[in-house]
Amino acid sequence: MVTVVPITIEGQTVIGVEVLLPKTTLLAITTDCGYIMCGALDVGLLNEKLHDRGIIAGRAVGVRTLEQLLEAPLESVTIEAERIGIVAGTTGKDALLKMLS
């Protein structure tokens, strides 16, 4: 099952996506320019093999809900995310706000 929900952060809307898979749930919250995701995100792949795409993204581990993804500190971020001021340790919510700026 796939669930797509609008999430309001400080008056701005982002999109949350939850994909229920056998024995795991994929979680992502996206803006027009980037996204944060659960531990399934391979930041190394984005930075190395897909570097030319300039993807702004961050990864939080140990999250099981979209709400937890918003509150969790990001464990790793892409080089492009760092360029806009998102670093490891930034909460998901604060990272999304930077993506919305």
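Scope of this entry: the structure provided in the associated data block. Just so we're clear, the structure is a prediction, and the values are computed from it rather than from any experiment. Within each chain, residues carry numbers counting from 1 in the order of the written sequence. Where local features are concerned, this predicted model is filtered to residues with pLDDT of at least 70; where side-chain atom pairs are given and counted, the filter is 80 or more; whole-chain, interface and lining totals use all residues. Working from all heavy atoms in the structure, the side-chain values ignore hydrogens and water.

Examining the overall build of the chain
Counting its regular elements, the chain contains 4 helices and 6 strands. Projecting the C-alpha coordinates of the chain onto the three principal axes gives extents of approximately 35 × 30 × 20 Å. Buried residues are those whose accessible area, probed at 1.4 Å on protein chains only, stays under 20% of the maximum for their type, while exposed residues exceed 50% and partly exposed ones sit between those limits. For the chain, the residues scored as buried account for 39% of the 101 residues in total. Taken as a whole, the chain presents about 5,700 Å² of accessible surface, with 54% of it coming from carbon and sulfur. Across the chain, the mean location of the 8 positive side-chain charges is 5 Å away from that of the 12 negative side-chain charges. Where helices and strands are cited, they refer to DSSP runs of H or I of at least four residues and of E of at least two residues respectively, numbered from the N terminus. Residue-level accessible areas treat just the shown protein chains as cover; the underlying method is Shrake-Rupley with a 1.4 Å probe. Under the counting rule used here, the positive set is Lys and Arg, the negative set is Asp and Glu, and His together with the chain ends is not counted. Just so you know, the charge point we use is NZ for Lys, CZ for Arg, CG for Asp and CD for Glu.

What to know about the nonpolar core
With 30 residues, the main nonpolar core has Ile29, Ile36 and Ile86 as its most contacted residues. Where this core is concerned, the elements lending two or more residues are strand E1 (2-9), strand E3 (24-30), strand E4 (34-37), helix H1 (43-48), strand E5 (56-59), helix H2 (66-71) and helix H4 (92-100). At 4 residues, H4 tops the list of elements feeding residues into this core. Contacts were defined at the residue level, with two residues in contact if any of their heavy atoms lie within 4.5 Å. Excluding anything up to four places from it in sequence, Ile86 contacts Ile56, Leu74, Val77, Ala81, Ala95, Lys98 and Met99. Note on terminology: a nonpolar core comprises buried Ala, Val, Leu, Ile, Met, Phe, Trp, Tyr and Cys residues joined through side-chain atoms within 4.5 Å.

What to know about the environment of Ile36
On the secondary structure map, Ile36 appears in strand E4. Residue classification places Ile36 among the buried residues on the basis of a relative accessible area of 0%. When the C-alpha atoms of Ile36 and Thr90 are compared, they prove to be 11 Å apart, with 54 residues separating the residues in sequence. Excluding its chain neighbours within four sequence positions, the residues that come into contact with Ile36 are Leu27, Ala28, Ile29, Gly58, Leu69, Leu74, Gly92, Ala95, Leu96 and Met99.

Description of the sheet that holds E5
Strand pairs in the sheet, formed through backbone hydrogen bonds, run parallel or antiparallel to each other. Two strands make a pair as long as DSSP finds a minimum of two bridges between them. Strands sit in the order E1-E2-E3-E4-E5-E6 across an open sheet of 6 strands; the sheet is mixed. Bordering the open sheet on either side are E1 and strand E6 (76-77), each of which pairs with just one other strand. Of the pairings in the sheet, the one linking E3 to E4 comprises 3 bridges and is antiparallel in character. Bridged to Ala28 within E4 is Met37. For helices, the fitted axis covers only the stretch in contact; all axes are lines through C-alpha atoms, and the angles between them, taken along N-to-C directions, range from 0 to 180 degrees. Most of the contacts of H4 go to E4, to which it runs at about 170°, and overall it touches E1, strand E2 (12-21), E3, E4 and E5.

A few points about the side chain of Thr31
By the secondary structure assignment, Thr31 is in the loop between E3 and E4. Polar contacts involving the side chain of Thr31 include one to the main-chain amide nitrogen of Cys33, which spans 3.1 Å. Apart from residues lying up to four places away in sequence, Thr31 is in contact with Val14, Leu96, Met99 and Leu100. Under this definition, polar contacts are N or O atom pairs within 3.5 Å; protein pairs additionally need one hydrogen-donor-capable and one acceptor-capable atom, and for neighbouring residues in sequence, both atoms have to be side-chain atoms.

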